[in-house]
Amino acid sequence: MEQPLGILLILLGLCYRFGRCKKFVNGLFYLWRFPYLAYLFGGGSFLLAYFIILVLMGIPMILLEIALGQYTGTGPVKIFQRLSPFFGGLGYAIIANQFLICTYYAMILAWAFFYLFASFTNDLPWTHCGSTYSGPFCHSTNDAINCWKLGGVYQARCYSPMLAQQMNLSPIPPSLKTTSSEEYFNRYVLRISESISNPESPDWRLALCLLLAWIVAFLCISKGVHSIGKAVWVTTIFPFVILIILTIHGGTLDNAVSGIWHFITPNWKRLLSVKLWVQAASQVFFSLSVGGGGLITYSSYNTFRHNFYFDGIIISLFNGITSLLAGFAVFSALGFMAGQMGVSVGSIVKEGPGLTFIAYPDAISRMPVPTLWAILFNFMILCLGLDTLFAIIETIATGICDHWPKFTKRRVWVIMAICCAGFAVGLLYTTRAGIYWVQLVDDFVAGWPLIFFGFCEIVIILLYGVNKFSDLIYSMTGHHVNWIYKTAWWSVIPLCTLGLIVADWIYYEPTKYNGVRLPLWTQVIGWMLALGPVMLIPLHAAYEIYNNRKLSFCAILKTLFTPTSRFQPQSASVEVLYSQILVSPESINPLLPRIYPADVHAESRV
């Protein structure tokens, strides 16, 4: 595969050169996390904040991280240790944070496996109110229509008029109704408890699905992701086709316009919420893998001369378009469901991380041949989710092997250890209180810590020098960074990230699920999970200061805040050329073709 095409494909989750299948963007977070955050924060308000942050911070940070990875050819652990020893703990913090994220991320895949297995039936189970698990306020549109055609009275199930009169059944108020898809997810799949304090033992069904997710991830990565390189053409293009079909079909549903209007119309008062901006920023960072080590890790496989400006634009367009498609597909379904239930879009379902497994299945059940579409949809979720899980595991494994090079030859065992540890921790999410823990960990671990890592990265670049960093990019691409990116690095990103972090701490809002605040002890655990990885940064800084304690104060500052001699291009020959360019860039004839030595680093890592 030619290099330019290979780079483009990796951005879309396709096949990277050297036969490795990589992923720069977290596809499942468009389908799963973006819709539920948009619903939680009022639809259009979150959408506006999301795109503002994408433009102001997301795109410049993409360029920054790809440049760092491509220039050095190493992962985040080595890069930050060499670029600024004081912030050498940033790479370790990112790896620890990514491990916590992958533990609950795999649980989303477990739910997808559960729904995939449940889809192999002519009558999809979430289209009905189950007699063994549904509550008295369950409402199935299909069952209600069939019941009315028979002249019956529908209330969770169909009653004859005489029996309904004898039982004195009265119509259920619209505000109390719950959809059959929501009842199926909460009462049958999760078997959700009344509170997080009542977890009980792990559900064996979900535990097996979780185990399957980790086994698939391990087998694919341990066998070498190049083994599925050709299949990734299908697993990446296929989800887009399904998503477009769902979006078009959703637009044809009755009352879909009300849901779409809710999605694109901002509530200006909601924009005053600090939580909204923090979650929008974390969604941008997470979906782009900014602050998560993925961009740095996989761009390190680029050749030194690769022009990555085009990559950043493609990633951003991919991000925005996919998020819009996912939003239109979900909210059109929510509009239809709201019309059937006689309530507003904002109150049709209880907000939470399970929204995707409520809205999408309900919409699919109204398509021709729903069984086929249900199987294809859940397979799409698995394609996107497993692809992203591969990337997270690879990032963690790269960090471990960078710190302990002796494990490089035992990489399979490292990956196995990561998968086993992830499964062990993930058993907590298979309990009846699992959804509460998913909400808690997602709120804390995937929130302000990612923004903080981005802030640390931009501080490191400021200490290194924006103009020097621009020269570094010039040595790879032959193009100087324009003033827009420099302005973002100089002022916009540092001020915005710091402001969001401080505001989030000052106006802290406890985590809620279904509008109910989780207990105080869970909030404490959430802060511990968020601060744990972050604390590795000051701890490593203290360690570096202790190692240099014999130096003078000024010497310590110079040592800790300036790059080490090991911060250099991917190969020695490239370093010579780079130094020549920095010394006298005007001496290079721009009309002559730019020739760089072949990259030898990436091949050595495969």
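Residues numbered from 1 in each chain as written. Predicted model: local features only at pLDDT ≥ 70, side-chain atom pairs only at ≥ 80, totals over all residues. Heavy atoms only, no water.

Colleague: An account of the overall build of the chain is requested, with residue identities and associated values reported.
Modeller: Scanning the chain for helices and strands turns up 27 helices and six strands. For the chain, the proportion of its 606 residues judged to be buried stands at 59%. Of all intrachain contacts in the chain linking residues separated by at least 6 positions in sequence, the fraction that spans at least 24 positions is 82%. Surface summary for the chain: the accessible area is close to 24200 Å², and the carbon and sulfur share equals 68%. (Helix = DSSP H or I, 4+ residues; strand = E, 2+ residues; numbered from the N terminus. Buried < 20%, exposed > 50% of the residue type's maximum accessible area, 1.4 Å probe, protein only. Contact = heavy atoms within 4.5 Å. Areas by Shrake-Rupley, 256 points an atom, 1.4 Å probe, with all protein chains shown as cover.)

Colleague: Which residues make up a nonpolar patch on the surface, and what are the values?
Modeller: Side chains of Leu48, Ile52, Val55, Leu56 and Trp268 sit close together on the surface and give an oily, nonpolar patch of about 470 Å² of accessible area. Locating Leu56 in the fold gives a position in helix α4 (residues 44-72). With a relative accessible area of 40%, Leu56 lands in the partly exposed category. (Patch = residues over 30% accessible without salt bridge, like charges linked within 9 Å, V, L, I, M, F, W, Y side chains within 5 Å. Salt bridge = Lys/Arg side-chain N within 4 Å of Asp/Glu carboxyl O.)

Colleague: Summarise the side chain of Ser84; cite the residues concerned and give the values.
Modeller: The topology assignment puts Ser84 in the loop between α5 (76-83) and α6 (90-118). Within the structure, Ser84 has its side chain in polar contact with the backbone oxygen of Leu560 (distance 3.5 Å). Discounting chain neighbours no more than four positions away, the residues touching Ser84 are Ile460, Leu560 and Phe561. (Polar contact = N/O pair within 3.5 Å; in protein donor to acceptor, adjacent residues only side chain to side chain.)

Colleague: Could you give an account of the packing of aromatic side chains, naming the residues involved and the relevant values?
Modeller: Scanning the entire structure with this criterion turns up 38 aromatic pairs. On the numbers, 6.2 Å between centres and 15° between planes, the contact of Phe41 with Phe46 is stacked. On the accessibility criterion, Phe46 (0% relative accessible area) is buried. For the pair Tyr71 and Phe304, a centre-to-centre distance of 6.0 Å together with 50° between the ring planes defines the contact as tilted. Placement of the pair is Tyr71 in helix α4 and Phe304 in the loop between α14 (294-299) and α15 (309-341), with a sequence separation of 233 residues. Taken individually, Tyr71 and Phe304 each receive the classification buried, so the pair is uniform in this respect. Grouped by ring-pair contacts, the aromatic residues Phe34, Tyr39, Phe41, Phe46, Tyr50, Phe51, Phe263, Phe328 and Phe331 constitute a single cluster. One residue, Lys468, lies across the ring of Tyr464, its end atom 4.5 Å from the ring centre. Across from the ring centre of Tyr546, 4.0 Å away, lies the NZ or CZ of Arg549, which sits over that ring. (Phe/Tyr/Trp six-rings, centres within 6.5 Å; stacked < 30°, edge-to-face > 60°. Lys NZ or Arg CZ within 6 Å of the ring centre and 35° of its normal.)

Colleague: Break down the packing of α5 against α6 for me, citing the residues and quoting the values.
Modeller: Direction vectors running N to C along α5 and α6 enclose 155°, while the axes themselves pass 7 Å from each other. Here α6 runs roughly antiparallel to α5, going by the angle between their axes. For the element pair α5 and α6, the recorded crossing hand is right-handed. Where α5 abuts α6, its residues Pro76, Val77, Phe80 and Gln81 lie against Leu90, Gly91, Tyr92, Ile94 and Ile95. Split by residue class, the contact of α5 with α6 holds seven nonpolar, two polar and no charged. (Axes fitted to C-alpha atoms, helices over the stretch in contact; angles between N-to-C directions. Parallel < 35°, antiparallel > 145°, perpendicular 65-115°, else oblique. Left-handed = near helix turned anticlockwise from the far one by under 90°. Nonpolar A, V, L, I, M, F, W, Y, C, P; charged D, E, K, R; others polar.)

Colleague: Describe the pattern of salt bridges, with residues and values.
Modeller: Counted under the stated rule, the structure contains seven salt bridges. One salt bridge connects Glu183 with Arg187, and the closest N-O pair in it is separated by 3.0 Å. In this pair, Glu183 and Arg187 both sit in helix α9 (residues 180-189), four residues apart, roughly one turn of the helix. For Glu183, a relative accessible area of 8% gives the class buried. For Arg187, a relative accessible area of 40% translates into the label partly exposed. Among the ionic pairs, Arg205 bridges to Asp203, the shortest N-O distance being 2.8 Å. Grouping residues by exposure puts Arg205 and Asp203 together as buried. A single network of salt bridges, built from pairs that share partners, joins Arg191, Asp203 and Arg205.

Colleague: Report on α9, specifying residues and quantitative values.
Modeller: Within α9, eight of the 10 residues are buried, which leaves it mostly tucked inside the rest of the structure. Looking at α9, one finds that the buried residues are Ser180, Ser181, Glu182, Glu183, Tyr184, Phe185, Asn186 and Val189. Downstream of α9 by one or two residues, Arg191 has phi in the positive range, about 50°.

Colleague: How would you explain unusual backbone geometry if you had to name every residue and give the values?
Modeller: In this model, Arg191 sits at a positive phi of 50°, which is unusual for a non-glycine residue. Residue placement: Arg191 occurs in the loop between α9 and α10 (204-222). On the basis of relative accessible area, Arg191 is assigned to the partly exposed category, the value being 37%. A positive phi is found at Glu200, a non-glycine position, where the angle reads about 60°.

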